[in-house]
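Now for the letters of each chain:
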Amino acid sequence: MAAAGTETGTEVLAAFVRDFVSGQQDGRAAEVAAGVKDGRWTVLQLVEALGFCLENTDPRTRGRGIQLLSQVLLQCYSLLQEKEVLHLVLFYESRLQDHHLVIPSVLQGLRALSMCEVLSPGLAVSVLKAIFQEVHVQSLMQLDRHTVYSIITNFMSTREEELKGLGANFTFGFIQVMDGEKDPRNLLVAFQIVRDLIAKDYALGPFVEELFEVTSCYFPVDFTPPPNDPHGIQREDLILSLRAVLASTPQFAEFLLPLLIEKLDSELQSAKLDSLQTLTACCAIYGQKELQEFLPSLWSSLRRESSQRRTILEMLLGFLELQQKWGHVEEDESTLLSLQAPVCSVVFSALLDPSVQLQLVGIKALTILGSLQGFLSSSDLELVVDHLIRLALHEEDSQSSEAAMEAAGSLAPTYPKVFSGCMVPRLEEELQSGRAGKGREENYHNHHSLQQRCLQALAAVSTHTSIVKETVPVLLQHLQKVQKGTEARNTQDMVSVCQSLHRVALQCQQDAEGCWYFHQTVVPCLLAVAVQAAMPESTHTLPAKTLLEEEVLAAMIPVISAATTHLSPELAAQSVSHVVPLFLDGEVSFLPQNSFPCSFQPFGDGECLEAQRCLVALLMAFVCSLPRNVAIPQQERLLRELLALGCSCNCPFTATTAAKCFAGLVNKHPAGQQLTEILQLAVNRMEASLTEGPRRMQALTLLLWVTKALVLRYHPLSSCLTDKLLGLLGDTELGPAAADGFSLLMAESPDVLHKGCHADVRIMFRQRFFTDNVPKLVQGFHGAGPDVKANYLKSLSHVLNHLPKPVLVTELPTLLSLLLEALSCSDRVVQLSTLSCLHPLLLEAPQIMSLHVDTLVTKFLNLTSSPTMAVRIAALRCAHALTSLPTTVLLPYKGRVIRALAKPLDDKKRLVRKEAVAARGEWFLLGSPGR
C-alpha cells in the first residue's frame, strides 16, 4: 500500500486518531478506513499514530485505540500483506492478556484477521490457542461471545487441515468456549460448529461425552422469543438446529437414547413430540449396533403413547426402514412379529385419516411392511389392495393418489399373484364402469378423471412380468374401445392409454421375457389400429381422424421406441423382418385382425394415401430404436423411399418424420460405398429443392436432420452440410428457420439420434462443432446485411447455450461483445437464448462479466418490460445473478436497479412477480455488513 508521502497526511491521520480516542467523533473510524483504502496512509502508519494510546496506563484509552484499529481492519483486511498480518496477529495475541475492558476490541481485530486470505500457516492455530488459554469466553457480553464463535467459524472454513492438527485439543477448547452459553443467537452458531466438527471428521478423542453434554443440556428446547424480537429467532429454529447435532453421529447414541426414552415418558407433550422427532432423525443415521439394546424400552414407550399420531407413525417408519436395512435377523423379526396386530392397526388407520400428510407416511410404512418377509398375512394383503385402490382412484389429493400407485408398483413384484388376481380385475372393472356420466359435463369430467387414474394405476402396478401379461391386454382393449367410440374427446383418451403403455414399456425393459412379451403384443396392435384408421373407407370417420392426429401419433412413438430399444439382437431381427415389409410392401399378415379392405402403401403415389403416409412416424419409432448390429432388410430401398417422401410430401409432420427416420438410419449405417452413395443422392435432392420451388422448407428440414446425424458421428461430410446451413443464414426466406436449426443440431433429440436408441453419438461433438463453426458464424455476422444479422446472432446463441459451461467460460472474452449485441436483437428467441447463456456466466465468470456491468444492467432492465413473459422472467433472473459480481462494481447501480425493479413487482403474472421480489431483495442487501 502506498505511503501518505507528506507530513501533512500524517498530521491529518494523527488528528483523526486523537478525535476518535478522545470520544469526540466516532465517525473518524470510517474516514481512517477510507484513507487506508485509497492509499493516503498505511495500517503501519495507523499503528504508529496510535502509539501514544496503546501504551497508555488507562485501560479505557488503550481500548479506544485498539477499537479504532479493529474497526479499520474490519473494512480493510483484504488489502493487508502477509507480513502485516503476521505482525498484527502477534500484537493482538499479546493484548488478550490485557484488561477486560480491552478484550472486546481485541476480539474484533482478530475476527478481521481471521478473514485474511494471506494468513500465514500456523497463525490460525496460534490465535485459537491464545483465545482458549487467555479468554474466559462465557464471562463476556453476548456480542463478544458471538465474535469468538465467528473467529472459530472463519478458521474452520479456511484452515481446516491446520485446526485438525490440534487433534482433540481443538474439540476440548471449543467445549470450554461453549459451556454455559445461553443466548439463542450464539447457540445457533455454536450448534453449527458442533455439526461441522462431526461432519468434517475433526478428532473428538476422549471428549465425545463432554461434547454431547455441552449440547444436550438444551434438550428439549425451552425458549419463547420476546415480543417484537428484532432477531427473528424462533423456538423451531433452535429445535431443528439442536436436533441436527444430536442425530449427527452414532457416537452420541449411548448417551442420547436413554435421554429420549426418559423424555418420552414425560408429562409434557412438547417434550414427547421433540423426543419422537429426534428419534426419527436418529433412525436415518444410527445403525443396528447403536439402537439394538434400546429397542425394547423404545417399543414399550411408543406403545403407551396415543397422541401425536403422525410423529408416532414417522417414528415407526424410521424403525421399519432400519429393519429393512438390517436384513434378516431372527431375534428382531420375532420382536416385530409380536407387534404385528398393533403395527398394522396404526398403519391402516393412517390410510383412512383425512390428513394427506398422515396418509403419505402410512403409505411409506405400508410399503416397508410389505417388504418384510412373512409380516403381512393374506387377509392383510387383501386389505392393502383395498386401501391402495381407494387411495389411487378416489382420494381427492393427487399426492396420496400418486403415492398409492408407487406403493402398488413397489409391492407388486413381492406379491404378484395378489396384485394380478385382486388389484388388476378391480381396476379393469372401474375402467369399464361409469357410463352414467354421459350427458352431464360435471359427471363426464369425474368419469374421465377416474378413467385417467385407472389407466395410471394399471401402468404403475405393472412391475412384474406376470402382472404385465394381465394389464397389457386391458390397456389395449381400452385403446380399441376408445378408437371405435364417437366422442369428440377421444384424442386425450388415446393419449392417456399411450402414456400408460409407455410407462409399462419402461418398466419391462430390464426383464427379457417381459420386454419381448410387451413388444410382440403391443407393437403389432398399435400398428394394426393405425393401419385400420388409415384405410380409405375409414379416414372420413371421427375415430380414424382422431387416431391419425399428430398428438396421438406422437404419443405412440415413445411406446414403440421403449418397446424396441432393449430387445436382444435375435428378437429385434425377428421383429424387423415383419415391420419393414409392412411399410415397403403392405405385408399385413403379422398384424392382428389383418383383413384390411385394401392395400397399405405409405410410400405409394396419390393424395388418397396421405393418411397412410403419416404412419411413417411409427416406422421411425421402430427402426430408429433398433440396436446398431441389427440388419434392416431392404435398407437401401427404404432409405430411398424415405428420402423421396421427405422431399416431396406436403404435410409438414410426415415430411419431418420421414427426414428424422432417414437421419436415424444414416447415423447408424456402416461406413462404406453404400452410405456414400445414399448421402450423395440426398445432397443432390436437397440442393435441387433448396435452390427454388415450393418445397424449400422440406429440403431445409431434411438438411438439418441429416447434418445432425453426421455431426454426431464425426462423418467427414458433416462440415460440408454445416457450411450449406451457414450459407442459408443469409437467405431472407429460410434464414430464420435455418438459425433455429442450430438449436436442433446441438440439443438432445427426444425420439431419435440419442444414446438411448443406440445412435452413434461421440462424446465431444458439441465442443468440436463449436470450434469448427463459431468463427464462421462470427465472420458471417460481421459481413451480413442488416436484415439478416439477427439470424447469425440466433445461431450463435443456440450453439453457446448448449455448450458445456467450462468450455464457454474459457471462450467468453472473445464472444461476450456479440452476446451483448444479441440482447438488443428484437427476436424473442434470440433474447431468451442469450439470457439463458449469460445467467450461468454471471455466476461462474464474475471478473470478466464485471467489465461490462454498465451494458448488462441497462439491457437486463430493458428486457424486464418485454411483452414475452419468459423473457421478463429470464431478465429478472439475470438481474438477480448480477449480485454475484464484486460489490464495489455494483454499488453505483444499486439505486437505479432497485427503482427499475419496482415495476415488475406489479406484473400481472405471478411467476414474474416472484422473480422480481427475489432480485430486488438481493439488490437491497447489496453492500450490507456480512454480504
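See the structure above.
I will try to describe carefully the structure that is included in this document. (Residues numbered from 1 in each chain as written. Predicted model: local features only at pLDDT ≥ 70, side-chain atom pairs only at ≥ 80, totals over all residues. Heavy atoms only, no water.)

Structural notes on helix α42 (residues 789-801)
Inference 1: The end-to-end C-alpha distance of α42 is 19 Å, a good match for the 18 Å that 13 residues give at a rise of 1.5 Å each.
Inference 2: Across the 13 residues that make up α42, a large majority, 10, are buried.
Inference 3: Listed as buried for α42 are N791, Y792, L793, K794, S795, L796, S797, H798, V799 and L800.
Inference 4: Here the buried face of α42 lies against α39 (717-728), α40 (735-746), α41 (765-783), α43 (805-822) and α44 (828-844). (Helix = DSSP H or I, 4+ residues; strand = E, 2+ residues; numbered from the N terminus. Expected span 1.5 Å × (residues − 1). Buried < 20%, exposed > 50% of the residue type's maximum accessible area, 1.4 Å probe, protein only. Contact = heavy atoms within 4.5 Å.)

What to know about the environment of P840
Inference 1: With respect to the helices and strands, the residue P840 is situated in helix α44.
Inference 2: With 131 residues separating them in the primary sequence, P840 and A709 have C-alpha atoms 29 Å apart.

Observations concerning unusual backbone geometry
Inference 1: Between F219 and P220 the backbone carries a cis peptide bond, its omega angle lying at -10 degrees.
Inference 2: Mapping P220 onto the fold places it in the loop between α13 (208-216) and α14 (235-246).
Inference 3: Here D201, not a glycine, exhibits a phi torsion of approximately 60 degrees, which is positive.
Inference 4: For D201, the location among the structural elements is in the loop between α12 (184-199) and α13.
Inference 5: Within the chain, H758 stands out as a residue other than glycine whose phi angle is a positive 70 degrees.

Details of the packing of aromatic side chains
Inference 1: By the definition in use, this model includes 10 aromatic pairs.
Inference 2: Look at F91 and Y92: their rings are 5.3 Å apart centre to centre, the planes differ by 70 degrees, and that puts the pair in the edge-to-face class.
Inference 3: These aromatic residues form a ring-pair network of at least three members: F132, F170 and Y202.
Inference 4: The ring of Y202 is capped by K164, whose NZ or CZ atom sits 5.4 Å from the centre of that ring. (Phe/Tyr/Trp six-rings, centres within 6.5 Å; stacked < 30°, edge-to-face > 60°. Lys NZ or Arg CZ within 6 Å of the ring centre and 35° of its normal.)

Some thoughts on the side chain of T722
Inference 1: Along the chain, T722 falls in helix α39.
Inference 2: What makes T722 buried here is its relative accessible area of 2%.
Inference 3: Engagement of the side chain of T722 in a polar contact is seen with the backbone oxygen of S718, the distance being 2.7 Å.
Inference 4: Each residue touching T722, except ones within four places of it in the same chain, is listed here: T707, V711, F769 and N773. (Polar contact = N/O pair within 3.5 Å; in protein donor to acceptor, adjacent residues only side chain to side chain.)

Examining the side chain of R243
Inference 1: Relative to the helices and strands, R243 resides in helix α14.
Inference 2: A polar side-chain atom of R243 sits 3.4 Å from a polar atom in the side chain of T278.

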